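Geometric and topological summary
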Protein chains: 2
Amino acid sequence: MISVDEARTRILSSLRPTGPEIVPLAEAWNRITAAPIHARLTQPPRDVSAMDGYAVVATDAILGATLHVVGSAPAGHPWDGTLQKGNALRLFTGSILPDGADAVVIQENTSRDGESVTITEAATSGRHIRRAGQDFAAGDMLLPTCKRLNARDIGLAAAANHPWMTVHRRPRIAILATGDEIAMPGEPIPAGSIVSSNSHALAALVRAAGGDPVVLPVVADDRAALMAVADAIAGMDMLVTTGGASVGEHDLVQEALGARGLKIDFWQIAMRPGKPLMFGQLGPVAMLGLPGNPVSSLVCAILFLVPAIAVLLGQPPAPPPTVQAKLGAPVAANDHRADHLRAKLATGADGGPIVMPFARQDSAMLRVMAQADALVLRGPHAPALVAGDMVEIIRLDALGL
Amino acid sequence: MISVDEARTRILSSLRPTGPEIVPLAEAWNRITAAPIHARLTQPPRDVSAMDGYAVVATDAILGATLHVVGSAPAGHPWDGTLQKGNALRLFTGSILPDGADAVVIQENTSRDGESVTITEAATSGRHIRRAGQDFAAGDMLLPTCKRLNARDIGLAAAANHPWMTVHRRPRIAILATGDEIAMPGEPIPAGSIVSSNSHALAALVRAAGGDPVVLPVVADDRAALMAVADAIAGMDMLVTTGGASVGEHDLVQEALGARGLKIDFWQIAMRPGKPLMFGQLGPVAMLGLPGNPVSSLVCAILFLVPAIAVLLGQPPAPPPTVQAKLGAPVAANDHRADHLRAKLATGADGGPIVMPFARQDSAMLRVMAQADALVLRGPHAPALVAGDMVEIIRLDALGL
């Protein structure tokens, strides 16, 4: 048996990021940059007013001075001249400061009368001015490569004048459920059959991770039909299979695709819930064989498939992110297999997470898996713990998993 | 001036959830249920084997007994007869237990020879059997209404035989940037103009919150063009405007749309960054007027628009979720306006979040806003705090905001 970490390292080290594609700014949210974004302009482009008020020559705009208002320069309508002593220019937030001016007197510190304005608090040189390039200068690197773009990043890219973004192409993940007993939701369900849940849960999980799921039709336990899958996955970045339990987990899949050139590793992983995991290469396509049990399939997908999609999206190889949480109930000592306890989360008095493993950890209970907020990681031979002890958890709630 | 909480309460209390729509299971990830999901079948549908092995009559399958193997029932191929004493049926994980059998002997505790199997560890009645309905029974409520569907929920709905899901229609949020100075990214940028960043950041934020953004063309500071917006928003759930700063924040928008029947509240909110907020009703469409400053616009959108979209999606009215974090640097006492400090997050030795406000909190710096992981909430007149004190934060990193 190999460890979870070793299996993950072997999977992730075999994968290469997808290539770049250009998408419009409006489609770039939550995508991963495949190139850094540099500013195409300077922001602000010139010295601008930070407030509504008047551009003045500071030495001129002393307390009680009355200045001639030569014009008004609302944002978008800059004033072309050079401001002379004795004059003021009406400005608004964001208006370009005219040549000759070196201060802004805010509206509240003036008294306007027709084309004259009287200064009621003296100007200070440089005051209420946002300097050119204060936010960023043309050429500045604003967003690094391999960054997941949030709403603020989109705003920043727009402000830097990018209508298009270069992002990693979404990895195409083919999902194949196999087994004579699998029926599609809504189809007639013969006695002894079960409804396909793995494919649909995995498709949603692929989407949550930033991939593009391609759900293949269910293939019965039939050698010829399985062999044909090798043709169906042209252009995919990865093939994920699930099931085949009825004739020995993975055996038929392995045998049929082996005849089509599948180079495979077949591992017993020291984990629970989980079963033997298959990983290999079918021509240019990486293949991950998940257990048929729905809970095992989801846990293995969280541990192996989500990090694999991250690598395909250009992220560094890494396990799923974990946080520390306080146990709300005791847990027993663990055996030699890493365990992943399904658990609810609550918030403690100190604001930190409190984690409460479900009493029933049966891997056949998909409903309990759906109700979980987190997986508690229990390493091989981890000692018994009491309520209040800290444990490492994978949060599922915020990730859409 | 009114408080952030009061403004939010007024906005949220005026909104009603969108109606339901039916989407295929494959499109239901991250959508919000508009009806509970009940199980359409019982899972497992019958008592099934939890392991690979043999179905037996427990009193019969004592240590050393040799039984006649009457057949094999792989998953998907149930065996029709009633198991008699002296017989065994080959089963696999998930196979239906035949009538007459009351135990499973696992494969490892047997020795097979042709059509005979010898029991090497006695059977126990009820052992290795998953009972009908152990996961769920037909009619059980599996997912409540108003639940955001994660990948596991999709799997559970599939397993319960739902090919379609009833979810809240995505709220359509029209986004309008106004101002003579606004240019679209990639278009020619005249002197004194700035590139529209608010619309695009807001569109991404609407998407992150589960809404459907409709970005309207930029409208210059022109009364007739603004009045025409009243026609452009037919069928929208909300209109969000931003800008108009050049001629007095919101004034022209308010005046032009007022002529088209806009009923409006116009508030000074005791917050920073932020400016006057407009909220009202233009016929059946709620209208939210955000500041033109990009950072203020984003902060106000996080505080008011994201919770508004949640209410439109059927969630209970609530502020954005906050967590407690430890300050990594001192902060000064606050004045009468609630402040929202842009900050970086790190992880402390105890696993808890440590928050480090940026030294420069200038609301003109979009780049700093994009680099922030969190907003530190500083209430009116909050006292000065030192490093190590706890503060309430809104995490931006995980929300795609």
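A brief look at the structure comes next. (Residues numbered from 1 in each chain as written. Chains lettered and ligands numbered in written order. Predicted model: local features only at pLDDT ≥ 70, side-chain atom pairs only at ≥ 80, totals over all residues. Heavy atoms only, no water.)

**Quick look at the overall build of chain A**
Looking only at helices and strands, one finds seven helices and 26 strands in chain A. Relative to the 2.2 N^0.38 estimate, which gives 21 Å for 401 residues, the radius of gyration of chain A is 31 Å and therefore markedly larger than a compact globule would have. Counting only C-alpha atoms and orienting by the principal axes, one finds that chain A spans roughly 95 × 50 × 40 Å. In chain A, which comprises 401 residues, the proportion classed as buried is 54%. (Helix = DSSP H or I, 4+ residues; strand = E, 2+ residues; numbered from the N terminus. Rg over C-alpha atoms; globule rule 2.2 N^0.38 Å. Buried < 20%, exposed > 50% of the residue type's maximum accessible area, 1.4 Å probe, protein only.)

**Quick look at the pattern of salt bridges**
Tallied over the full model, the rule gives 30 salt bridges over all chains. With a closest N to O distance of 2.9 Å, E255(A) and R223(A) form a salt bridge. Note that E255(A) is positioned in helix α5 (residues 251-258) and R223(A) in helix α4 (residues 223-232), a separation of 32 residues in sequence. Here K147(B) makes a salt bridge to D153(B), at a shortest N to O gap of 2.8 Å. We classify D153(B) as buried; its relative accessible area is 0%. Each of R272(A), D335(A) and D339(A) takes part in salt bridges that share partners, so that together they form one network. (Salt bridge = Lys/Arg side-chain N within 4 Å of Asp/Glu carboxyl O.)

**Comments concerning the environment of S197(A)**
The topology assignment puts S197(A) in the loop between β15 (194-195) and α3 (198-208). A residue is classified by how much of its surface remains accessible, and S197(A), at 7% relative accessible area, is buried. If we skip the residues at most four places from it in the chain, S197(A) touches P294(A), L366(A), G155(B), A158(B) and A159(B). (Contact = heavy atoms within 4.5 Å.)

**Quick look at the packing of aromatic side chains**
All chains considered together, the criterion is met by zero aromatic pairs over all chains. The ring of Y54(B) carries R90(B) above its face, with NZ or CZ at 5.3 Å from the centroid. (Phe/Tyr/Trp six-rings, centres within 6.5 Å; stacked < 30°, edge-to-face > 60°. Lys NZ or Arg CZ within 6 Å of the ring centre and 35° of its normal.)

**A short note on helix α2 (residues 151-159) of chain A**
Burial of α2(A) is extensive: nine of the nine residues sit out of reach of the surface. When α2(A) is considered as a whole, its buried residues turn out to be A151(A), R152(A), D153(A), I154(A), G155(A), L156(A), A157(A), A158(A) and A159(A). Looking at the buried side of α2(A), the elements it contacts are β11 (141-143) and β12 (164-168) of chain A together with β15 (194-195), α3 (198-208), α6 (294-312) and α7 (366-371) of chain B. If you check the start of α2(A), you find a side-chain oxygen 3.0 Å away from the backbone N of R152(A), and it comes from N150(A). (Polar contact = N/O pair within 3.5 Å; in protein donor to acceptor, adjacent residues only side chain to side chain.)

**Here's the deal with the interface of chain A and chain B**
At the junction of the two partners, chain A supplies 70 residues and chain B supplies 70 residues. Here chain A meets chain B over a buried area of about 5,800 Å², counting both sides, of which 58% is carbon and sulfur. It is W29(A), R152(A) and R367(A) that lose the most area in chain A upon contact with chain B, and together they represent 14% of the buried surface on that side. Taking the shortest distance from any N to any O, the salt bridge between D140(B) and R367(A) comes out at 3.0 Å. Linking chain A with chain B are 28 residue pairs in polar contact (both at pLDDT 80 or more). Elements with a contribution of two residues or more to the side of chain A that touches chain B: β11, α2, β15, α3 and α7 (366-371) of chain A. Ranked by residue count, the leading element in the side of chain A that touches chain B is α2(A), at eight residues. (Buried area = accessible area lost by both parts, 1.4 Å probe.)

**Regarding helix α1 (residues 4-13) of chain A**
All names here are of chain A. Those residues of α1 lying buried are V4, A7, R8, I11 and L12. Projected down its long axis, α1 shows its buried positions confined to an angular sector of 125 degrees, all on one face. Seen from the open side of α1, the exposed residues pointing more than 90 degrees away from its buried face are D5 and T9. For α1, the secondary structure elements touched by its buried residues are β18 (263-267), β19 (271-272), β20 (277-282), β21 (285-290), α6 (294-312) and β23 (338-347). (Arc of directions from axis to C-beta.)

**With respect to the side chain of R378(A)**
All names here are of chain A. Examined against the element boundaries, R378 turns out to sit in strand β25 (residues 374-378). Comment: no salt bridge for buried R378; closest opposite-charge side chain is D339, at 6.9 Å. Residues contacting R378, with those up to four places away along its chain left out, are V331, A332, A333, N334, R337, A338, D339, L341, P383, A384 and L385. (Lys, Arg positive; Asp, Glu negative; His and termini not counted.)

**Quick look at the relation of the copies chain A and chain B**
Mapping chain A onto chain B calls for a rotation angle of 180 degrees and an axial translation of 0.0 Å; the resulting RMSD is 0.0 Å. The superposition of one copy onto the other is thereby described by a two-fold rotation axis. Mapped onto chain B, 100% of the interface residues of chain A again fall at the interface, so both copies present the same surface. (Least-squares fit on C-alpha atoms with pLDDT ≥ 70 in both.)

**Here we look at the side chain of T33(B)**
All names here are of chain B. If you trace the backbone, T33 turns up in the loop between β1 (20-24) and β2 (37-38). Only 2.8 Å separates the side chain of T33 from the backbone nitrogen of K147, close enough to count as a polar contact. If sequence neighbours within four positions are ignored, T33 has contacts with P144, T145, C146, K147, L149, T166, V167 and H168.

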